[in-house]
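Here are the chains, one letter per residue:
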Amino acid sequence: FDRVNPEALIHLVAQTDLYEAEAHPEHDFDVNVLPAVYACENCARLGTRVVFASTVTVQGLTNRSSPPFPEAVLCKPVSVYDTHKLMSEEFIQSKGVTHSILRLANVYGPSQGASKAGRGVVNQFVRKGLAGETLQVYDSVKDCVRDFVFIEDVCEAFLRVLASKRNSVYNV
């Protein structure tokens, strides 16, 4: 890190399997929180800007009656994964480094793997729809609104916050 002395760090490192996080919370902490802490410590020491990929679900899945959903809504994580992402967000904000946090919704796009059950829902729906198969929606939280965002839009959001140079949190 010292040799490179980057102007900005885009932190995309994460284990994103919710089932894995629930089954092994200590491991999820080790791979989702600790790398963010270590990276942020180095960024604070060198004056490097941090751009962190988080999740909109740090705000929870309830009390979201209609879009758009403001970033200032009280965070109420509902899973281990959400909690660890929120811990990372709060650590980054507490260190005084220049930062942007992008809370991503369900990202979809070309080449997205749909090999695991419950992953890549947009691509699974398209594949099943084209094959004439039944589409199943599991609604464990009534009146829950889910957002989906195309990968190119996510890339554009990262480029925009890199150019802005101000502290910010955005739901993408």
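Our next topic: the pattern of salt bridges. Once the charged atoms of two side chains with opposite charge are near each other, the side chains can pair. Applying the stated criterion across every chain yields a total of five salt bridges. Notably, a salt bridge pairs glutamate 41 with lysine 95, separated by 3.4 Å at the nearest N-O pair. With glutamate 41 in helix H3 (residues 34-46) and lysine 95 in the loop between helix H4 (80-94) and strand S3 (99-104), the pair connects residues that are 54 residues apart, well separated along the chain. Between arginine 103 and glutamate 89 there is a salt bridge, with the nearest N and O atoms lying 2.7 Å from each other. Of this pair, arginine 103 sits in strand S3 while glutamate 89 sits in helix H4, and the two are 14 residues apart along the sequence.

With that settled, consider the side chain of histidine 99. In this structure, histidine 99 sits in strand S3. At a separation of 2.9 Å, a polar atom in the side chain of histidine 99 contacts the main-chain carbonyl oxygen of valine 97. Among all residues touching histidine 99, those that are not within four sequence positions of it are Arg49, Val50, Ile92, Gln93, Arg166, Asn167 and Ser168.

Our next topic: the environment of proline 110. By the secondary structure assignment, proline 110 is in the loop between strand S4 (106-108) and helix H5 (121-130). Given a relative accessible area of 62%, proline 110 falls into the exposed group. For proline 110 and isoleucine 151, which are 41 residues apart along the polypeptide, the C-alpha to C-alpha distance reads 8.3 Å.

Criteria and thresholds
- Residues numbered from 1 in each chain as written.
- Predicted model: local features only at pLDDT ≥ 70, side-chain atom pairs only at ≥ 80, totals over all residues.
- Heavy atoms only, no water.
- Salt bridge = Lys/Arg side-chain N within 4 Å of Asp/Glu carboxyl O.
- Helix = DSSP H or I, 4+ residues; strand = E, 2+ residues; numbered from the N terminus.
- Polar contact = N/O pair within 3.5 Å; in protein donor to acceptor, adjacent residues only side chain to side chain.
- Contact = heavy atoms within 4.5 Å.
- Buried < 20%, exposed > 50% of the residue type's maximum accessible area, 1.4 Å probe, protein only.

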